[in-house]
Every structure is written in C-alpha cells, then in structure tokens.
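Fold and contact review
Listed below are the residues making up each chain.
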Amino acid sequence: MDVTAPTARRDGFDVFRREWEGQVGEALPLPPFEPLGSGDFRVIVRASKVHDTVIADVYGESMAGGTRGASHHFDDRVLVHVMQRGKWRFVRPRDRGEATVPAGRFLVRHNGPPVRFEIEPRTAAKVLILPASQLGPLGDRPIVGAADSTEVRLLMAYAKLVDATLNDLTPTGVQAARSALIELVKGVLTQGFDDNEPRLAPALAQAAKDLVDSRLTDPDLSPSALARELNVSVRTLHRAFATAEESVSAYVRRRRLEQARLELASSAGRPSTSELAARWRFADSSHFIRAFKKQYGQTPTQFVRSGSTVPGRPTSSVIHGHGSMTSEAIEPPIAPTVDRR
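Given the structure is predicted, the values throughout are model-derived calculations rather than measurements.

**What to know about the nonpolar core**
Val 80, Leu 128, Leu 155, Tyr 158, Leu 230, Leu 237 and Phe 288 are the most contacted members of the largest nonpolar core, which has 61 residues in total. In this structure Tyr 158 touches Ala 176, Ala 177, Ala 180, Leu 181, Leu 184, Pro 202 and Ala 203, once residues within four positions along its chain are discounted.

**Points about helix α7 (residues 234-242)**
Every α-helical turn comprises 3.6 residues, leaving residues that sit three or four positions apart pointing alike. Turning to α7, its buried residues number three or more, namely Thr 236, Leu 237, Ala 240 and Phe 241. Along the axis of α7, the buried positions cluster into a sector of 135°, meaning they face one direction only. Exposed side chains of α7 directed beyond 90 degrees from the buried face belong to Arg 235 and Ala 242. Looking at the buried side of α7, the elements it contacts are α5 (201-214), α6 (223-230) and α8 (248-265).

**A few points about the packing of α5 against α7**
Two numbers describe how α5 lies on α7: the axes approach to 8 Å, and their chain directions differ by 105°. Accordingly, the angle class assigned to the pair α5 and α7 is roughly perpendicular. In this structure, α5 contributes Ala 201, Leu 204, Ala 205, Ala 208 and Lys 209 to the contact, and α7 contributes Thr 236, Leu 237, Ala 240 and Phe 241.

**Considerations on the pairing of strand β6 (residues 87-91)**
As defined by bridge partners, β6 adjoins strand β7 (residues 98-102) across five bridges and the pair is classed as antiparallel. Note on β7: the bridge partner recorded for Trp 88 is Val 101. Both β6 and strand β9 (residues 116-119) contribute to a ladder of four bridges, which runs antiparallel. Bridged to Val 91 within β9 is Arg 116.

**Concerning the pattern of salt bridges**
What the rule picks out here adds up to 12 salt bridges. For Asp 163, the salt bridge goes to Arg 46, with nearest N and O atoms at 2.9 Å. On the criterion of sequence distance, the pair formed by Asp 163 in helix α3 (residues 150-165) and Arg 46 in strand β3 (residues 41-50) is long-range, its members being 117 residues apart. The class of Asp 163 is buried, set by a relative accessible area of 3%.

Criteria and cut-off values
Residues numbered from 1 in each chain as written. Predicted model: local features only at pLDDT ≥ 70, side-chain atom pairs only at ≥ 80, totals over all residues. Heavy atoms only, no water. Core = buried A, V, L, I, M, F, W, Y, C linked by side-chain atoms within 4.5 Å. Buried < 20%, exposed > 50% of the residue type's maximum accessible area, 1.4 Å probe, protein only. Contact = heavy atoms within 4.5 Å. Helix = DSSP H or I, 4+ residues; strand = E, 2+ residues; numbered from the N terminus. Arc of directions from axis to C-beta. Axes fitted to C-alpha atoms, helices over the stretch in contact; angles between N-to-C directions. Parallel < 35°, antiparallel > 145°, perpendicular 65-115°, else oblique. Pairing = 2+ DSSP bridges. Salt bridge = Lys/Arg side-chain N within 4 Å of Asp/Glu carboxyl O.

In structure tokens:
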C-alpha cells in the first residue's frame, strides 16, 4: 500500500484504513485515529496475512497522531515493533509513561489503552500483529528490548522465511507457520525459547543462515561460533539444519562459492584464484578450485573463459532478501504488493 494525502492527514489516514481493510482482509488494529498537526500523511506498508496474524514492513515518511480509545475488538491484539531505522514514539495519557523506540530496539505492546504516537521521517520497522489471547497478559506497560537478542533474531528470521514462502504454503502449512510465530513471540516475551520444539527448527536454521550471510569472510565462522551466537547447542543447530538436507558447513561453503562466482562474473577488476581463495576462506587455491569445480562443473578459469554469467544476477551490487528494509532497499521507497492467505 502506498497512501499519500498532501494536505489532509485525517483524509489520508481514512484512505489508508480502507486500503488496509480491502487488501489485508481485516480491520486495521487501531481505534479511532486523531491526526496531530498539519501537513502530509504518507506511509507505505507491505503486509502478509498468516491466518489471524499479520507480518508488515512499515515505512513512515510522515505520520503522527493518537487514538481515542479501544473497543474489545481492537483490544485483543498484541503489536510487536522491531525498529530498523528511525524512531517510533508512544505516549500514554495521564502520566502513564512514554517509550521511544529507536533503530536496533523492539517494543511489544497491547493495543488496548489510548496512545499518542509519532514516527520520525524515513522510519522503517517490522511490525507483527498477533492475537492477544495466545500470548497471555502483558501488563500495563510495553515491553522494550534489544533487537539483536537471540529471541528477536529467531523471530525476525522466521518472519522473513514465512513472508518469502507464504504463497506456496497449504492451509495446514499456514496454520503451522502461525503457531510457530506465536511460540517465537512468547520466546521474546520470556527471553527464552524451547530449542527442542520441532516447529522452531526452521526459524533457528534461517537465523543461522542470516548470520552466515553477514559474516562470510569471517575466518572464525563455524557451527560452534553460530551456536554460541544463537545461544543453542551445536547439536541443536545441526538438528535444525537436518530438515533442509544441507549441513551448516555445506551451507557456508556454498554461499562462499556463490560470492566467489559473482566476482568471477564481473568484468571489472576480476580477482585471481589465489585472491578469491583467501577472501572466501578456503585453505588454498587448490582447495578452492576443487570445491568450485564440484559445485559448478568447471574450474574458475574455465568459467571465466566460457564467458558464463550468473543466472538472475542483479544489475546492482547490493542484493536484498525478500522483505528487506535496509536503507538502500527503501530509498526511494517502492510501492509494495500485499500477499493474502
């Protein structure tokens, strides 16, 4: 959804509410809204509905307002805000406190009491909307914490995975994905999760893959290092990868080879085999050549001479995953689509 109302915030929000309800298929989980000040109202949301939960990427260019109260219908939702850029400020009336959530932090709040909120321009956040009945009482105040905790990493990794595969899931798969999301949010609230719960294995594997992808040149990257980072045992990590039929070490090797292949396909400043072996942490050039040939059926030199290209290689050097909200991905923002299931 891409909603802009240049001169009327109230009208802009009304348009946004109608678009949300029409595309997501349920009421926007906000009580009656009152704008603050004057000026533009602009917000971009990409939302995926997973049974009775919603995963949304929110980009706010200009948005400030407040709610006047909550009916029971709106009171039965819990919202999880994981901030990726900018700030989101919530103020409770009658001196009941306020919370400012900057990038790198999360906030979990019950959608019951009236609240005034302001979004800093160019703010980006992942927002999950979940049924409160499945999560238990949260208390009177919102829960705030670090977005780089193990529990939030697992939740975000799984939300990314569900977002990317939602259209391919059966109704049973959608229900299972929703249940896993609920369990992971419980883990955020209790600062722990059941690492023996089989439904959480895909989330753990995806979180580990995200860590691998961000640290491919790290010489200390290993299953034990990943397990320590995610606060699980090495055995638990291997068990999570078993369902994907690819070991942790095999995933690391494959991703490093893919990056090396991308560099070989570049026409400018192509590195030597020894440089690639060193950069992508292979023992030596011979080891790298053998691994490359096993993966792609030709040596690096043969790949270059054949003029091969990498299928689906983007024209930009920056590669973004599905639902990525990094600064490069959202500037300028592109109107997203809405997945419905």
